Amino acid sequence: MERLLVRKAGGVTPLDTLISRHIRLFGPMDVGSFMNLALGHPQHGYYMTRDPLGGGGDFTTAPEISQMFGEMLGAWVADLWIKAGKPDPFLLVEAGPGRGTLMADMIRAAKNVPGFHAAMRIHLIETSPALQERQQAVLKDYEVIWHGSLEGVPDTAPLLFVANEFLDALPIRQFIHINGKWTERVVALDGEALCFAAQDVSPGLVKDIPSGKDRDVFEISPAREEFVRSLSVRLKTQGGAALLIDYGPAAGGIGDTLQAVRGHGYSDVLKDAGESDITSHVDFAALKKAAGDMRVFGPIEQGHFLNTLGIGIRAEVLKRKGNAEGIESGLQRLVHPDQMGRLFKVMAIVQDPALMPEGFF
Ligand code: SAH
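So, here is what we can say about the structure in this document. (Residues numbered from 1 in each chain as written. Predicted model: local features only at pLDDT ≥ 70, side-chain atom pairs only at ≥ 80, totals over all residues. Heavy atoms only, no water.)

### Re the overall build of the chain
Scanning the chain from terminus to terminus reveals 15 helices and 16 strands. For 361 residues, the compact-globule estimate of 2.2 N^0.38 gives 21 Å, and the chain sits close to it at 21 Å. Taken along its principal axes, the extent of the C-alpha atoms in the chain is 65 × 40 × 40 Å. For the chain, with 361 residues in total, the buried portion stands at 54%. For the chain, the proportion of contacts with a sequence separation of at least 24, taken over those separated by at least 6, is 77%. On the chain, roughly 15,500 Å² of surface is accessible, and the fraction owed to carbon and sulfur atoms is 52%. Across the chain, 36 positive and 44 negative side-chain charges occur, with their mean positions spaced 1 Å apart. (Helix = DSSP H or I, 4+ residues; strand = E, 2+ residues; numbered from the N terminus. Rg over C-alpha atoms; globule rule 2.2 N^0.38 Å. Buried < 20%, exposed > 50% of the residue type's maximum accessible area, 1.4 Å probe, protein only. Contact = heavy atoms within 4.5 Å. Areas by Shrake-Rupley, 256 points an atom, 1.4 Å probe, with all protein chains shown as cover. Lys, Arg positive; Asp, Glu negative; His and termini not counted. Charge placed at Lys NZ, Arg CZ, Asp CG, Glu CD.)

Pasting the structure below:
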């Protein structure tokens, strides 16, 4: 095992202590296991203990920037529901709903579509008790059912599924090219401090990775692919469509995109486990493959998607009601290529090839 980079992590959070002990007992852990613990440990995991969103939190997401984001997605979903022949009931499912803002904006936007509210059954996939509480408060006027994973969602009706910045939180594994071969980048101990290290892997695991240069990093995410595979099976058997929005390249490649965000800035991935959001860029090409023979639209840039759906017109209408400056700045943050417009991608998976989702042309 080769030591790569020592970070003086200090071992101060309860989760640091726990992870260090685990490594001492069982040896280094892959990056995905580290992410799982840092984000999802039942007592100390980052999402388990707090509401990380908004100005006072660590990061802001599209639905928290402007109501227009959820309104556009609400219109997208309602349009597909109509095109699908207004199935009643249908499941309106969101994974990783954060504060519940996106769902609230979507259903408010679809309120005037006759029959939509009566037919919808809201199902949320959320592991964080802290955020579930927020969602409950925001959606108190609606009947909502929560699940810890996709498996719990009923399989009895068509689904319209959305997820914004959900997949980036699912774990990845990293491989690093050292001395002419791919090894796995793992989290290990250097004395008391957590560090990254390289560990041999079975050749089968890395056989499909293109050859690299010294220190190149390549990422895979079996967890994200598995999620999209299960979702696609659901769509195939139940009918419906899914909209996935996240940051990342249209086609993945070489590069270390593992990141920690805290207090609206980047922080050290190995420092203060459980106190920062640890994510990585989503490889949409891999997700497209995982969707198998389902009809996939995109990935396209978020800016293009929202503009095509008419977010500019919506902004003009809202501006007339006041706070024109705030609305314009929200619009720019969502669509401008230098802000979220280009880095964020949108991909749709549709069961019925005759169903044309809006926004992709
Ligand atoms: N979609 C929201 C929140 C994004 S933050 C928004 O755009 O504002 C990520 C969300 O995913 C949080 O709600 C977090 O609790 C949830 N989450 C993270 N890992 C999860 C998992 N494995 N299963 C279900 N939800 C998860």
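### A short note on the sheet that holds strand β13 (residues 265-267)
Taken in spatial order, the three strands of this open sheet run β13-β12-β14, and their pairing is antiparallel. On the outer flanks of this sheet lie β13 and β14 (277-279), each paired with one strand and no other. Within this sheet the neighbouring strands show an average axis-to-axis angle of 40 degrees, counted without direction. Across three bridges, strand β12 (residues 259-262) lies against β14 in antiparallel orientation. (Pairing = 2+ DSSP bridges. Axes fitted to C-alpha atoms, helices over the stretch in contact; angles between N-to-C directions.)

### What to know about the site of the ligand
In the vicinity of the ligand lie 17 residues, with T61, G96, G98, E126 and N164 positioned nearest. In the environment of the ligand, an oxygen atom lies 2.5 Å from a nitrogen or oxygen atom belonging to the side chain of T61. Computed on the free molecule, the ligand has an accessible area of 570 Å², of which 91% lies beneath the protein chains in the complex. For the shell around the ligand, the residue count by class is nine nonpolar, six polar and two charged. (Near = heavy atom within 4 Å. Polar contact = N/O pair within 3.5 Å; in protein donor to acceptor, adjacent residues only side chain to side chain. Nonpolar A, V, L, I, M, F, W, Y, C, P; charged D, E, K, R; others polar.)

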